[in-house]
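Next come the chains, spelled out residue by residue.
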Amino acid sequence: MTEKDLHLSAMAQELWDNDMSRLQPGLDYKISLQGKAGLTQSCNDGKDGAALPLFTFVNENIFKKETFSAFISLLDNYESDAGEPEVVTPEEEAENHKFLESIINTPPMKIAHRYLVEKQLSPKTTGEFKQQLYRIWFELYARRGSSRPDSSGFEHVFVGETRGGRTVIGFHNWIQLYLQEKLGHIDYKGYSANANSPKPDDNKHILALQFSWKNRIKSKGSIFIGVSPEFEFALYTLCFLTSPNERVKVSFSLYEVEIVCHHYNQKHISTTYPVLTKYL
């Protein structure tokens, strides 16, 4: 690890230790890994390693917490088809601001803000920091192949998008995955593992997986499971502002992880997600 990776690992550990709203595996939620996903490029080729849903149980009382409820209110604000222009209504913009208000004073976001101010990467005042977060995550831009603003960092990472008739892009959030699976829109097809990544553990908080959504395939995705929205927002914002367009190595808790973080025009998050490299 580089010196910068070590600094970010220390920050990731501090965020993890202060994620007071993280769910506990086996207590607050339970998942069923089942079989390993096959190599597939379509929804219906018979290569399904999981007959049952991924989530066996989630204590939905957690969704009553302010940051969770504010986060969930954003999930129906987007057109999933990449290339379909987004229109942000005043009500949706208000929901975006309400979400930022809900997370800004949580321990993970305070820790991230303090570090970014020290590194002169974020403004000192909370109001200006929220403006920076809004630009990074919620301002619209035109994703590849589109001429009009059709995407945002938040939509891509936390909600998910579809491209053409076959592919899911983005979609790296467990809450959205759980809620969409509950509605019958997700078909979990098994976990992913290879020589560079260990077999997932249903009592751990990172999972590589395959699933279909809206009759399109996500052949391999990777997500944190059970963490709070403020933890993910804090960690991804830190990685974006300190190391845009890189794979950042961090070690914390039981995990050695690469945080993939790509930017759009140095101003917005294009994608970001965790890739588990080994258990510690």
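Reading the values: the criteria
- Residues numbered from 1 in each chain as written.
- Predicted model: local features only at pLDDT ≥ 70, side-chain atom pairs only at ≥ 80, totals over all residues.
- Heavy atoms only, no water.
- Core = buried A, V, L, I, M, F, W, Y, C linked by side-chain atoms within 4.5 Å.
- Buried < 20%, exposed > 50% of the residue type's maximum accessible area, 1.4 Å probe, protein only.
- Helix = DSSP H or I, 4+ residues; strand = E, 2+ residues; numbered from the N terminus.
- Contact = heavy atoms within 4.5 Å.
- Pairing = 2+ DSSP bridges.
- Axes fitted to C-alpha atoms, helices over the stretch in contact; angles between N-to-C directions.
- 1 Å grid on protein atoms, 1.4 Å probe; cavity = no way out; pocket = protein on both sides within 12 Å on 5 of 7 lines; lining within 4 Å.
- Points joined across faces, edges and corners; volume = space filled by probe spheres on them.
- Nonpolar A, V, L, I, M, F, W, Y, C, P; charged D, E, K, R; others polar.
- Parallel < 35°, antiparallel > 145°, perpendicular 65-115°, else oblique.
- Left-handed = near helix turned anticlockwise from the far one by under 90°.
- Salt bridge = Lys/Arg side-chain N within 4 Å of Asp/Glu carboxyl O.

As recorded in an unreviewed UniProt entry, the protein chain goes by Uridylate-specific endoribonuclease and comes from Acipenser ruthenus.

(A) Geometry of the nonpolar core. One finds F99, W137, F138, F154, W174 and F233 to be the most contacted residues of the largest nonpolar core, which totals 78 residues. The element that contributes the greatest number of residues to this core is helix 8 (residues 229-242), accounting for nine residues. With near-sequence residues (within four places) excluded, W137 lies in contact with S152, G153, F154, V157, F158, F233, Y236, T237, I269 and T272.

(B) Seen up close, the sheet that holds strand 9 (residues 255-264). An order of 8-9-10 is seen for the three strands of this open sheet, with the pairing classed as antiparallel. Every interior strand has two partners, whereas the edge strands, strand 8 (246-252) and strand 10 (268-279), have only one. Each adjacent strand pair in this sheet contributes to an overall mean axis angle of 25°, direction not counted. Summarising the sheet, strand 8 and strand 9 pair through seven bridges and their orientation is antiparallel. Each residue of the ladder has a partner; that of V248, found in strand 9, is I259.

(C) The arrangement of empty space enclosed by the protein in detail. With the rule as written, the count across this model stands at one cavity of 30 Å³ or more. Around the largest cavity, the lining residues are N77, Y78, E86, V87, V88, E92, N96, F138 and L140. Considered class by class, the residues forming the lining of the largest cavity number five nonpolar, two polar and two charged.

(D) Examining the pairing of strand 6 (residues 206-213) more closely. Burial analysis of strand 6 places eight of its eight residues in the buried class, which makes it a mostly covered element. Neither face of strand 6 is open: one carries I206, A208, Q210 and S212, the other L207, L209, F211 and W213, and all of them are buried. One ladder, built from five bridges, connects strand 5 (residues 186-191) with strand 6; its direction is antiparallel. Looking at strand 6, one finds that Y188 is bridged to F211. Relative to strand 7 (residues 216-224), strand 6 runs antiparallel, the two sharing seven bridges. Following the sheet pairing, I206 is matched in strand 7 by F224.

(E) Expanded view of the layout of surface pockets. In this structure, the largest pocket encloses a volume near 300 Å³. Taken together, 21 residues line the largest pocket, and the ones lying closest to its centre are A208, K220, S222, P274 and V275. Only strand 6, strand 7 and strand 10 provide two or more residues apiece to the lining of the largest pocket. Here the lining of the largest pocket is built from residues that sort into nine nonpolar, eight polar and four charged.

(F) Highlighting the packing of helix 3 (residues 90-104) against helix 5 (residues 126-137). The interhelical angle for the contact between helix 3 and helix 5, taken along N-to-C directions, is 125°, at an axis separation of 11 Å. As judged from the angle between their axes, helix 3 and helix 5 are oblique. Two packed elements cross with a definite hand, and for helix 3 against helix 5 that hand is right-handed. On the side of helix 3, the interface is formed by E93, N96, H97, L100, E101 and I104, while helix 5 contributes T126, F129, K130, L133 and Y134.

(G) Main features of the pattern of salt bridges. Under the defined criterion, the tally for this structure stands at 10 salt bridges. Here K4 ties to E246 by a salt bridge, and the two come within 3.5 Å at their closest N and O atoms. A residue pair is termed long-range when its members are at least 10 positions apart, and K4 in helix 1 (residues 3-17) and E246 in strand 8 qualify at 242 residues. We classify K4 as partly exposed; its relative accessible area is 34%. When the shortest N-O distance is used, the salt bridge between K189 and D48 registers 3.7 Å. In this pair, K189 sits in strand 5 while D48 sits in the loop between strand 1 (29-31) and strand 2 (55-58), placing the two residues 141 residues apart along the sequence. Assessed through its relative accessible area of 34%, D48 is described here as partly exposed. Each of D48, D187 and K189 takes part in one network of salt bridges that share partners.

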